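The chain contents come next:
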Amino acid sequence: MDTWLRSRMHELNDLNSVINLASWDREVYLPSKAASARAQQLATVQALHHERLVDPRLGEALARAAEGGPDFEALTPDERAMVRVLTRERDRAVRLPARLVTALAEAQGEGLQAWREARTTKRFERFQPALEALLALRREQADAQGHDGERYDALLEGFEPGMRVKRLTPVLTALRGSLIPMVAALGEQKRAFPAFLSGRAYDTGKQWQFTMRLLKAVGFDLEAGRQDVSIHPFTNSVHAQDVRLTTRLDAAWPPAALFGTLHEAGHGLYEQGFSPEHHRTPLASVPSMGLHESQSRLWENLVGRGRAFWVHHFPALKEAFPEALADVELDGFHAGINHVVPSLIRVEADEVTYNLHIALRYELELAMLRDELPVSELPSAWNERMRRYLGMTPPDDTQGVLQDIHWAWGELGYFPTYSLGNLYAASLYAAANRALPSLEADLARGDTAPLLGWLRANLHAQGFRLPAEERVRAITGEGLTDRDFLAYLRAKYGALYGIKL
Ligand code: ZN
């Protein structure tokens, strides 16, 4: 590859690393007086990155290297993939007029402000005009970036390259149809809420130590990353050898730390697993948010809420919290961390009900963007679906339509990536079980290396060579499907609840 093009790829990657590092620091350590200085620093580096990306000289170099261009034949398959990935990113940036970027940033600021006030007063009406303005701008953005008549596709493309509404809707609708009766059947069992998660005290220092143990146990490299504490756990990767995770410590609710850490570790393991020859290039990236989420959900749920994993780790957990867990044994613990109950709040939902929260949001944001649902009717449409899908009615808008921050800054197209993550996670885990017949026995011995090795080879080290669904198909033999996820839920919860699902 042209050395100029290669060095421009490195430069763009390094600028992104600096942006990520400064953003991570802002969320974790920034002194309060530094907030506006940091905002300026970030704006400067982001502008520099944008300038370098839309630079016509880069466009010319990419065109020469693209299929049909004079330099194409000389490129390796990986270099061709780098050119494809960067061309796509550049095209999306070029098509977005500077005026629209500024208008969106302003509307997002107003949206966040209005959303916060609406939450405080528990009244959606305060947020409605801001959301209408954001929707108008998102329609403009979609038209600028291009679509085949479905504006949502253009926004979805920003998070889930290659995915389309006509592919996604049937899958999420069928999934919803299978989950509603499953949730109802589990609800009829009337299981009591686990006592060990009701108001017992778990020392937060001990929780922290245990999360560090979990990070080591799953193979997260603490010499190529670190963990800190934040209110909302997140992962921010500066580089494959510098991956920052956060977790949350709550003295009354240890699942926040245990599963928060496992979730973020899943994201972090993916980022640490990029192939060294891809570092500082567009291939050292995850093909989609859904695929990224597949790794967090795989470690949090498929592994971390599985019985085998706790066969190994529960004795140490009990040793760390001898009083709170005095009357709890492995099976009771396993049942407790997999308690299914419909809830109002998405981020608190268990893995059976979770995707119903997503179906609701996806359907509503798609309808709003299509102008099929007036924003004024959003709260009633929300509440009506909550009743139909989960049998619950939010007592106010703060616990209903105003609960998530996504719409506050007009982020549409992101929610479905959570469900894609759950579905891809189950399909990948089923494939791992086929490839590694001793997987559950390995986990029960505390050995996660075979699973991580398999994920590394098949997924992590592949970077962005293929779009998400094609990558999953290459691994599992099938693309997006709800079959593996539903089979997993039926087997696991059928056994835990002693019923046929
Ligand atoms: Zn995640």
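Up top is the structure these notes are about.
Definitions and cut-offs
Residues numbered from 1 in each chain as written. Predicted model: local features only at pLDDT ≥ 70, side-chain atom pairs only at ≥ 80, totals over all residues. Heavy atoms only, no water. Phe/Tyr/Trp six-rings, centres within 6.5 Å; stacked < 30°, edge-to-face > 60°. Helix = DSSP H or I, 4+ residues; strand = E, 2+ residues; numbered from the N terminus. Buried < 20%, exposed > 50% of the residue type's maximum accessible area, 1.4 Å probe, protein only. Lys NZ or Arg CZ within 6 Å of the ring centre and 35° of its normal. Pairing = 2+ DSSP bridges. Axes fitted to C-alpha atoms, helices over the stretch in contact; angles between N-to-C directions. Contact = heavy atoms within 4.5 Å. Salt bridge = Lys/Arg side-chain N within 4 Å of Asp/Glu carboxyl O. Donors = N, O, S within 2.8 Å, 3.2 Å for Na, K, Ca; no water.

**Student:** Describe the packing of aromatic side chains, naming the residues involved and giving the relevant values.
**Tutor:** Aromatic ring pairs are defined here through the distance separating the ring centres and the angle between the ring planes. What the rule picks out here adds up to 19 aromatic pairs. With a centroid separation of 5.1 Å and an interplanar angle of 75°, the aromatic rings of Phe159 and Tyr414 are classed as edge-to-face. Residue Phe159 is found in the loop between α7 (151-156) and α8 (165-187), and its partner Tyr414 is found in the loop between α15 (378-390) and α16 (416-435); the two are separated by 255 residues along the sequence. Considering the side-chain rings of Trp382 and Trp407, the 6.0 Å spacing of their centres and the 85° angle between planes classify their relative orientation as edge-to-face. Of this pair, Trp382 sits in helix α15 while Trp407 is found in the loop between α15 and α16, placing the two residues 25 residues apart along the sequence. A residue is classified by how much of its surface remains accessible, and Trp382, at 1% relative accessible area, is buried. Members of the aromatic cluster, each reached through a chain of ring pairs, are Phe159, Tyr354, Trp382, Trp407, Tyr414, Phe415 and Tyr418. In this arrangement the basic side chain of Arg191 is found over the ring face of Tyr497, its NZ or CZ atom lying 4.5 Å from the centre. The ring of Trp24 has Arg244 lying over it, and the distance from NZ or CZ to the ring centre is 4.4 Å.

**Student:** Got a sec to walk through the sheet that holds strand β1 (residues 225-229)? Specific residues and values, please.
**Tutor:** Read from one edge to the other, the open sheet built from three strands follows the order β1-β3-β2, with strand pairing classed as mixed. Both outer strands of the open sheet, β1 and β2 (235-239), are each paired with one neighbouring strand and no more. With direction set aside, neighbouring strand axes in the sheet form an average angle of 20°. Sheet topology places β2 next to strand β3 (residues 242-247); four bridges connect them, and they run antiparallel. Bridge pairing in β3 links His239 to Asp242. Along the sheet, helix α1 (residues 3-28) makes contact with β1, β2 and β3, crossing β2 at roughly 145°. Its contacts with the sheet put helix α9 (residues 204-218) on β1 and β3, and the angle it makes with β1 is roughly 155°.

**Student:** Account for the pattern of salt bridges, naming residues and giving values.
**Tutor:** Taken as a whole and assessed by the stated rule, the structure comprises 39 salt bridges. Close ionic contact of Arg151 with Asp143 constitutes a salt bridge, the shortest N to O distance being 2.9 Å. Ionic contacts of the salt-bridge type, sharing partners, join the residues Arg8, Glu11, Arg52 and Asp55 into one network.

**Student:** Account for the coordination of the zinc ion, naming residues and giving values.
**Tutor:** Expected angles at a metal are 109.5 degrees for tetrahedral coordination by four donors and either 90 or 180 degrees for octahedral coordination by six donors. Bound to the zinc ion are the protein donor atoms His263 (NE2), His267 (NE2) and Glu293 (OE), situated 2.1 to 2.3 Å from the metal. Ordering the donors of the zinc ion by residue number gives the pattern H-x3-H-x25-E. Residue His267 is found in helix α10 (residues 255-272), and its partner Glu293 is found in helix α11 (residues 289-303); the two are separated by 26 residues along the sequence. Across the pair, Glu293 and His267 agree in class, each one buried.

**Student:** So, unusual backbone geometry: which residues are in play, and what are the values?
**Tutor:** Although it is not a glycine, Lys122 adopts a positive phi angle of roughly 55°. Examined against the element boundaries, Lys122 turns out to sit in the loop between α5 (98-121) and α6 (128-145). Even without a glycine there, the phi angle at Lys190 is positive, about 50°.

**Student:** I'd like to hear about the environment of Leu53, residue by residue, with values.
**Tutor:** Mapped onto the elements, Leu53 comes out in helix α2 (residues 35-54). Leu53 sits in the buried class, given a relative accessible area of 4%. With 412 residues separating them in the primary sequence, Leu53 and Arg465 have C-alpha atoms 20 Å apart. Leu53 has contacts with Leu12, Leu58, Leu86, Glu89, Arg90 and Ala93, leaving out every residue within four places of it along the chain.

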